[in-house]
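A closer look at the structure
Each chain, letter by letter, is given below.
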Amino acid sequence: MLKTIFRLLGMPPLNLYDASATDLSDLFTTQPDPAVYKALPVDERIFNPAKVRQSTSGVPGPRMDR
């Protein structure tokens, strides 16, 4: 990630590890995509927000009531 930041800002790498790292430039496109983003609802088969607060031991933990 640092190599990508350095490359975007035009900075040289700080050390050999930064210089030999792979940048993330293949994740970006050269043209912006003006398509509207469509948020999908949460699939409860994967993540059910109601079950997140349930303790597996039956006793709530000190941070679960926040």
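Here's what I pulled together on the structure shown here. (Residues numbered from 1 in each chain as written. Predicted model: local features only at pLDDT ≥ 70, side-chain atom pairs only at ≥ 80, totals over all residues. Heavy atoms only, no water.)

Turning our eyes to something else, we now look at the overall build of the protein chain. A tally of helices and strands in the protein chain yields 3 helices and 0 strands. Its helices and strands taken in sequence order, the protein chain reads α-α-α from the N to the C terminus. Split into buried and exposed, the 66 residues of the protein chain put 6% on the buried side. Just so you have it, the protein chain exposes about 6700 Å², and 62% of that area is on carbon and sulfur atoms. (Helix = DSSP H or I, 4+ residues; strand = E, 2+ residues; numbered from the N terminus. Buried < 20%, exposed > 50% of the residue type's maximum accessible area, 1.4 Å probe, protein only. Areas by Shrake-Rupley, 256 points an atom, 1.4 Å probe, with all protein chains shown as cover.)

Time to look at a nonpolar patch on the surface. Taken together, the side chains of Met 1, Leu 2, Ile 5, Leu 8, Leu 9, Met 11, Leu 24, Leu 27 and Phe 28 present a nonpolar region at the surface, about 980 Å² in accessible area. One can find Leu 9 in helix H1 (residues 2-9). Relative accessible area serves as the criterion here: at 58%, Leu 9 is assigned to the exposed category. (Patch = residues over 30% accessible without salt bridge, like charges linked within 9 Å, V, L, I, M, F, W, Y side chains within 5 Å. Salt bridge = Lys/Arg side-chain N within 4 Å of Asp/Glu carboxyl O.)

Charged atoms that come close allow side chains of opposite charge to pair. Under the counting rule described, the total for this entry stands at 2 salt bridges. For Arg 7, the salt bridge is made with Asp 23, and the minimal N-O distance between the two is 2.3 Å. Of this pair, Arg 7 sits in helix H1 while Asp 23 is found in the loop between helix H2 (16-20) and helix H3 (49-52), placing the two residues 16 residues apart along the sequence. Here Arg 7 falls in the exposed class, since its relative accessible area comes to 56%. Note that Arg 45 and Asp 43 form a salt bridge whose closest N and O atoms lie 2.7 Å from each other. With a relative accessible area of 76%, Arg 45 lands in the exposed category. Look at Asp 43 and you get partly exposed, because its relative accessible area is 30%.

Right, let's get into the side chain of Asp 18. Looking at the secondary structure, you find Asp 18 in helix H2. One buried charged residue, Asp 18, remains without a salt bridge, the closest side chain of opposite sign being Lys 3 at 9.1 Å. Not counting residues within four places of it along the chain, the set of residues in contact with Asp 18 comprises Leu 2, Lys 3, Phe 6 and Pro 13. (Lys, Arg positive; Asp, Glu negative; His and termini not counted. Contact = heavy atoms within 4.5 Å.)

The subject of this paragraph is the side chain of Thr 4. If you trace the backbone, Thr 4 turns up in helix H1. Residue Thr 4 is classed as buried on the basis of its relative accessible area of 9%. Among the polar contacts made by the side chain of Thr 4, one reaches the main-chain amide nitrogen of Leu 24 at a distance of 2.7 Å. Look past the residues within four positions of Thr 4 in its chain and what remains in contact with it is Asp 23, Leu 24 and Phe 28. (Polar contact = N/O pair within 3.5 Å; in protein donor to acceptor, adjacent residues only side chain to side chain.)

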